[in-house]
Amino acid sequence: MANRHRVYLVPGFFGFTQMGDKESERIAYFQNVPRLLEQRFKERGIDARVHAVASSPSSGLEARARDVFREMARTANEDDAQLHLVGHSTGGLDARSVVSPRMAGEAPAFVKRVRSVVTIATPHYGTPLASFFHQGDVGKTMLRYLWLFTFLALQRKAMPFRTAALQACYWLVLRSEEAKLPPNLFNQIVRLTVDLSESEREDLIRFFSQVGENQALIEDLMPVSMRAFNAHTADREDVRYGCVVTGAPLPTQTLRMLLTPDALLHGLFSFLYDKSAPLSRELQVPERTEAQSQALQDVLGRRFEARSDGIVPSRAQVWGQVLHVAVADHMDVMGHFDQPPEYISWLKSGAHFQEPQFQAMWDRVIDFTVGAAATVHPGNQAERRVLADG
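Residues numbered from 1 in each chain as written. Predicted model: local features only at pLDDT ≥ 70, side-chain atom pairs only at ≥ 80, totals over all residues. Heavy atoms only, no water.

Colleague: So what exactly am I meant to see when it comes to the pairing of strand 8 (residues 321-327) here?
Modeller: Strand residues, when the strand is regular, have side chains that alternate between the two faces of the sheet. Extensive coverage of strand 8 is indicated by the burial of 6 of its 7 residues. Two strands pair when backbone bridges link them, and strand 7 (residues 240-247) and strand 8 are joined in this way by 6 bridges, in the parallel orientation. Following the sheet pairing, cysteine 243 is matched in strand 8 by valine 322. (Buried < 20%, exposed > 50% of the residue type's maximum accessible area, 1.4 Å probe, protein only. Helix = DSSP H or I, 4+ residues; strand = E, 2+ residues; numbered from the N terminus. Pairing = 2+ DSSP bridges.)

Rendered as C-alpha cells:
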C-alpha cells in the first residue's frame, strides 16, 4: 500500500473538468496539472494516479463535499492505495470537509485511507469578495458576466466581436452596479462567438446559467460564515495538512497596459483585487506561527497582510504547514498563466508567474503528498522576485 497513491484534484468555485469539443482547444480547470504530476511521479518511480474531480459550480460546501465523495467512489476502491486530496480555492474547503470528523458518519470507508490534504489559494477564513457579490440580483448578474469575460479570454480561437462584447459588458456591469441588463444579453453574446461549435455554445450557456442562480456557496465563503465552518470542521489527527499561499503584485494601470488588447482584463483584475484585499474587521484570521508568518513575508514582503491573489486575501490562505508561497494570481497556479501558446492566462495580474514557478510549486506539493520532504523551504528561493512593499 505504501508504494501506491491516488491524488484527487478538487476544483474551486465554478469548478469544471473541461469545456470544449476539440482536445487542442479544450479549457480544463486543472490546465496541464494532471500531466505534470503524472510525469513527476513517474520520474520519481512512484506508482500514483491523478484524478480531476468534478463538482457543482456554485452549490454550498456541504453539497460539494458529497460531490467529492461520489467522484472518489468511482476509483478509490480499485486498490488499497493511499489517498491524497489537493484542493484549489473552495476545493480546499471541500477537501477539509471530506476528511473531517464532522462528516465521519456519512463518509465512505475509503476516506479513512486519506493521508494528506493540500489546500491551494483557499479562503480558509473567507474572502471579502464573497460579501461583495452577495448582493441579490446585482451580485448574481456580475458573477455571470465576470466569468463570461474569463471564458472568452481563455479561448484560443479568434472570435469576431469578442472585444466589442467584452467592452459592452464591462461598461454595463462594472461601471454601473445598478445596471438593468436585458435578460437574454448573455445568450446573445455567446452566439456572437461564431467560431464555437453549437455544442460548445450550448455547454457554455448551460454552465453559466447555473452561475449566480445558486448563491449558497457565495454565502458560505463570506468571512462570517467561514468562522462557523472552521468551528465545526476539525482537522483529523491522522491526516497531514499543508497549504500553498498565493499573492499578486499590487495592480498598476500604466499607459503601456492601457494600450494593449488586454487592457480590459487588467482593469478587471484591478477591480477584483480591490474588492478582495481590504484589511477589514470582517476577516478575522487567528495568529499565525512564526514560521508561517516568515514564509509569507520572505516572498510577499513586509506588507503581506494586505496582499491578495485577486480572489482571496493571502493571509486567509494559511492552514497547516506552509509548503510554498508563490507570487501569482488565483488561477496562475492551476496552469492558467501568460506563456503562449501552451498556457493561456485566466487573470491578467502582471505576476509574471510562468512554467519554472509552476513546476517548482507542484514539486513541493508532491514532496508533501508522498512524504518525501515534509519541511518548509524557507523563502522559496525561486519565488524571491521582490514585491514592492509600497
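From this point, things continue past the structure.
Colleague: Can you walk me through the environment of aspartate 238 in this structure?
Modeller: Structurally, the position occupied by aspartate 238 is in the loop between helix 10 (223-232) and strand 7. Judged by relative accessible area, aspartate 238 falls into the partly exposed class, the value being 44%. Along the chain, aspartate 238 and valine 99 lie 139 residues apart, while their C-alpha atoms are 9.9 Å from each other. Once you skip the residues sitting within four places of it in the chain, aspartate 238 turns out to touch Lys112, Val114 and Arg115. Within the structure, aspartate 238 has its side chain in polar contact with the side chain of arginine 236 (distance 2.6 Å). (Contact = heavy atoms within 4.5 Å. Polar contact = N/O pair within 3.5 Å; in protein donor to acceptor, adjacent residues only side chain to side chain.)

Colleague: Any chance you could explain the packing of helix 2 (residues 61-73) against helix 3 (residues 90-99) here in plain terms?
Modeller: The angle between the axes and the distance between the axes are what describe a pair of packed helices. Running from N to C, helix 2 and helix 3 cross one another at 75°; their axes reach a closest spacing of 9 Å. When the axis of helix 2 is compared with that of helix 3, the two are roughly perpendicular. Note on element contacts: helix 3 touches helix 2 through Thr90, Gly91, Leu93, Asp94, Ser97 and Val98, opposite Leu61, Arg64, Ala65, Val68, Phe69 and Met72. (Axes fitted to C-alpha atoms, helices over the stretch in contact; angles between N-to-C directions. Parallel < 35°, antiparallel > 145°, perpendicular 65-115°, else oblique.)

Colleague: In this structure, what is going on with the pattern of salt bridges? I would like to understand it.
Modeller: Where charged atoms from two side chains of opposite charge come close, those side chains can pair. Throughout the structure, instances matching the rule amount to 16 salt bridges. The partner of glutamate 62 in a salt bridge is arginine 102, and the shortest N-O contact between them spans 2.4 Å. Here arginine 102 lies in the loop between helix 3 and strand 6 (114-120) and glutamate 62 lies in helix 2, a separation of 40 residues in the sequence. Glutamate 62 gets classed as partly exposed once you look at its relative accessible area, which sits at 34%. Arginine 74 is the salt-bridge partner of glutamate 71, the closest N and O atoms lying 3.5 Å from each other. Residue classification places glutamate 71 among the partly exposed residues on the basis of a relative accessible area of 21%. Each member of the salt-bridge network shares a partner with another, and the members are Arg40, Glu43, Arg44, Asp363, Arg364 and Asp367. (Salt bridge = Lys/Arg side-chain N within 4 Å of Asp/Glu carboxyl O.)

Colleague: Help me understand the sheet that holds strand 1 (residues 4-10), please; the structure alone is not making it clear to me.
Modeller: Strands sit in the order 4-1-5-6-7-8 across an open sheet of 6 strands; the sheet is parallel. Since the sheet does not close on itself, it has two edges, and those belong to strand 4 (47-52) and strand 8, each with one partner. Adjacent strand axes in the sheet meet at a mean angle of 15°, parallel and antiparallel pairs treated alike. In this structure, strand 6 lies alongside strand 7, joined through 5 bridges in parallel fashion. The residue of strand 7 that forms the bridge with valine 118 is glycine 242. The strands touched by helix 1 (residues 33-43) are strand 1 and strand 4; relative to strand 4, the strand with the most contacts, the crossing angle is about 175°. Contacting strand 1, strand 5 (82-88), strand 6 and strand 7, helix 3 runs over the sheet at an angle of about 145° to strand 5.

Colleague: Sorry if this is basic, but what is going on with the environment of isoleucine 46 here?
Modeller: Turning to its location among the elements, isoleucine 46 is positioned in the loop between helix 1 and strand 4. Among the residues examined, isoleucine 46 registers a relative accessible area of 21% and is labelled partly exposed. The sequence separation of isoleucine 46 and valine 370 amounts to 324 residues, and the corresponding C-alpha distance is 8.8 Å. Dropping the residues within four chain positions of it, isoleucine 46 is found in contact with His5, Phe41 and Val370.

Colleague: I would appreciate a short explanation of the packing of aromatic side chains in the present structure.
Modeller: Enumeration according to the criterion identifies 8 aromatic pairs in this entry. Measuring from centroid to centroid gives 6.1 Å for tyrosine 343 and phenylalanine 358, while their planes differ by 65°, and the two rings are edge-to-face. Pair noted here: tyrosine 343 is in the loop between strand 8 and helix 14 (355-370) and phenylalanine 358 is in helix 14, with a separation of 15 residues, a long-range link. Judged by its relative accessible area of 2%, tyrosine 343 is buried. Relative accessible area serves as the criterion here: at 1%, phenylalanine 358 is assigned to the buried category. Directly above the aromatic system of phenylalanine 368 lies the positively charged group of arginine 240, at a separation of 4.4 Å from the ring centroid. (Phe/Tyr/Trp six-rings, centres within 6.5 Å; stacked < 30°, edge-to-face > 60°. Lys NZ or Arg CZ within 6 Å of the ring centre and 35° of its normal.)

Colleague: In this structure, what is going on with the pairing of strand 5? I would like to understand it.
Modeller: The buried count for strand 5 comes to 7 of 7 residues, which makes it a mostly enclosed element. Side-chain alternation along strand 5 places Gln82, His84, Val86 and His88 on one buried face and Leu83, Leu85 and Gly87 on a second face that is also buried. In terms of strand pairing, strand 1 meets strand 5 through 6 bridges, oriented parallel. Bridge pairing in strand 5 places valine 7 opposite histidine 84. Relative to strand 6, strand 5 runs parallel, the two sharing 6 bridges. Among the inter-strand pairings, leucine 83 is bridged to a residue of strand 6, identified as valine 114. On the question of chirality, the crossover connecting strand 5 to the parallel strand 6 by way of helix 3 is right-handed. (Right-handed = clockwise from strand over helix to strand, strands pointing away.)

Colleague: Would you mind showing me how to read the environment of alanine 351 here?
Modeller: Here alanine 351 lies in the loop between strand 8 and helix 14. In this structure alanine 351 comes out as buried when scored by relative accessible area, which is 2%. Once the C-alpha coordinates of alanine 351 and alanine 328 are considered, the two residues, 23 residues apart in sequence, prove to be 5.3 Å apart.

Colleague: Hey, could you run me through helix 3 in this one?
Modeller: Each full turn of the α-helix corresponds to 3.6 residues, which orients residues three or four apart in the same direction. A large share of helix 3 lies buried, amounting to 10 of its 10 residues. Inspection of helix 3 places Thr90, Gly91, Gly92, Leu93, Asp94, Ala95, Arg96, Ser97, Val98 and Val99 among the buried residues, and these make up the whole buried set.

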